[in-house]
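# An overview of the molecular structure
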Amino acid sequence: MASVGTALRELRGAQKSAKGVSLYSRYVNRPAGRYLAAGSYGAGLSPNQVTLISAAFSFAAVAAVALSEPSWALGIVVWAALAVGFAFDSADGQLARLRGGGSAAGEWLDHVVDCAKLTALHTCVLIAFYRFPEAYGTAGDGWLLVPLGFQFAAVVTFFGGLLTEKLKPKPAPGSPAAAPSTLRAIALLPVDYGVFCLVFLLLGGGELFRWAYTGLGAVAALFLLAFLAKWFRELSAVRR
């Protein structure tokens, strides 16, 4: 088995295209995932095991949001667990490439965990708003609609993007990859999962978290409309 250093060198030359990826994912999450993938390779872990490690960190954070009264310390712990889980989510695919390619079952597991994570996270914010209305300023039932709306936008965006990639024709072998756009990478920051995780640092602020979370939810809804129009336009030219 190759050393961790050798694995890192191989991974640097086997990265996916940065097209359509935000600055956070490109310069923070993917590099962190690369180190975790190399370490996992050295430890003899499989990509599916790395996916389950990602799930463990993510769902521990999700449970903490729903069950614990908000505080600044809780916010740091939740953000750290979500960020580490996201980095391991990047590591599983990189590890699969390092080992010569993944499996259909591994890709399925990765996407199922991602969808479950998105759904659970917004559900647990809803539970937190319901359980701790004094802390979050969510005594009115209308505030409970915010996590539901955010969840709807996040899940439809996830599913729509995934389905679009499956339906679009694959580029011809050997065709040059499109150069990533820095402007697009910046524009995508508000809907990057890693940037979204940062909002949990504000848990101790109660109402400050509520407003920041609501603002990101509104942005997610606007991006969803833009994505749906773009994906429909792209697929309209595809004949099957």
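This section reports on the structure supplied with the text. (Residues numbered from 1 in each chain as written. Predicted model: local features only at pLDDT ≥ 70, side-chain atom pairs only at ≥ 80, totals over all residues. Heavy atoms only, no water.)

By the definition in use, this model includes seven salt bridges. The shortest N-O distance in the salt bridge between Glu-107 and Lys-166 comes to 3.1 Å. Of the two residues, Glu-107 is situated in helix α5 (residues 104–131) and Lys-166 in helix α7 (residues 145–167); the sequence distance between them amounts to 59 residues. Between Arg-210 and Glu-207 there is a salt bridge, and its shortest N-O distance comes to 3.9 Å. Of this pair, Arg-210 and Glu-207 are both found in helix α10 (residues 207–236), three residues apart, which corresponds to roughly one turn of the helix. When its relative accessible area of 5% is taken as the criterion, Arg-210 is described as buried. On the accessibility criterion, Glu-207 (42% relative accessible area) is partly exposed. Here the salt bridges do not stand alone but share partners, grouping Glu-165, Lys-168, Lys-230 and Glu-234 into one network. (Salt bridge = Lys/Arg side-chain N within 4 Å of Asp/Glu carboxyl O. Helix = DSSP H or I, 4+ residues; strand = E, 2+ residues; numbered from the N terminus. Buried < 20%, exposed > 50% of the residue type's maximum accessible area, 1.4 Å probe, protein only.)

For helix α2 (residues 23–42), built from 20 residues, the straight-helix expectation of 28 Å at 1.5 Å per residue is met to within 8% by its first-to-last C-alpha distance of 28 Å. In α2, a bend of some 30° at Asn-29 exceeds every other bend along the element, and Pro-31, a proline, comes one to four places later. Listing the buried residues of α2 in full gives Tyr-24, Ser-25, Arg-26, Asn-29, Arg-30, Pro-31, Gly-33, Arg-34, Ala-37, Ala-38, Ser-40 and Tyr-41. Taking the backbone nitrogen of Tyr-24 as reference, a side-chain oxygen 3.3 Å away marks Ser-22 as the first, capping residue of α2. Note on α2: the residue one or two positions beyond its end, Gly-44, has a positive phi of about 80°. (Expected span 1.5 Å × (residues − 1). Bend = angle between axes of the 7 residues up to and from the residue. Polar contact = N/O pair within 3.5 Å; in protein donor to acceptor, adjacent residues only side chain to side chain.)

With that out of the way, let us pick up the packing of aromatic side chains. In this structure the tally under the stated criterion is 17 aromatic pairs. A centroid spacing of 5.1 Å and a plane angle of 90° characterise the contact between Trp-143 and Trp-211, whose relative ring orientation is edge-to-face. With Trp-143 in the loop between α6 (133–136) and α7 and Trp-211 in helix α10, this pair connects stretches of sequence that are 68 residues apart. Ring centres 6.3 Å apart and planes at 50° place the aromatic pair Phe-196 and Tyr-213 in the tilted group. Of this pair, Phe-196 sits in helix α9 (residues 193–197) while Tyr-213 is found in helix α10, placing the two residues 17 residues apart along the sequence. In this pair, the class of Phe-196 matches that of Tyr-213, namely buried. (Phe/Tyr/Trp six-rings, centres within 6.5 Å; stacked < 30°, edge-to-face > 60°.)

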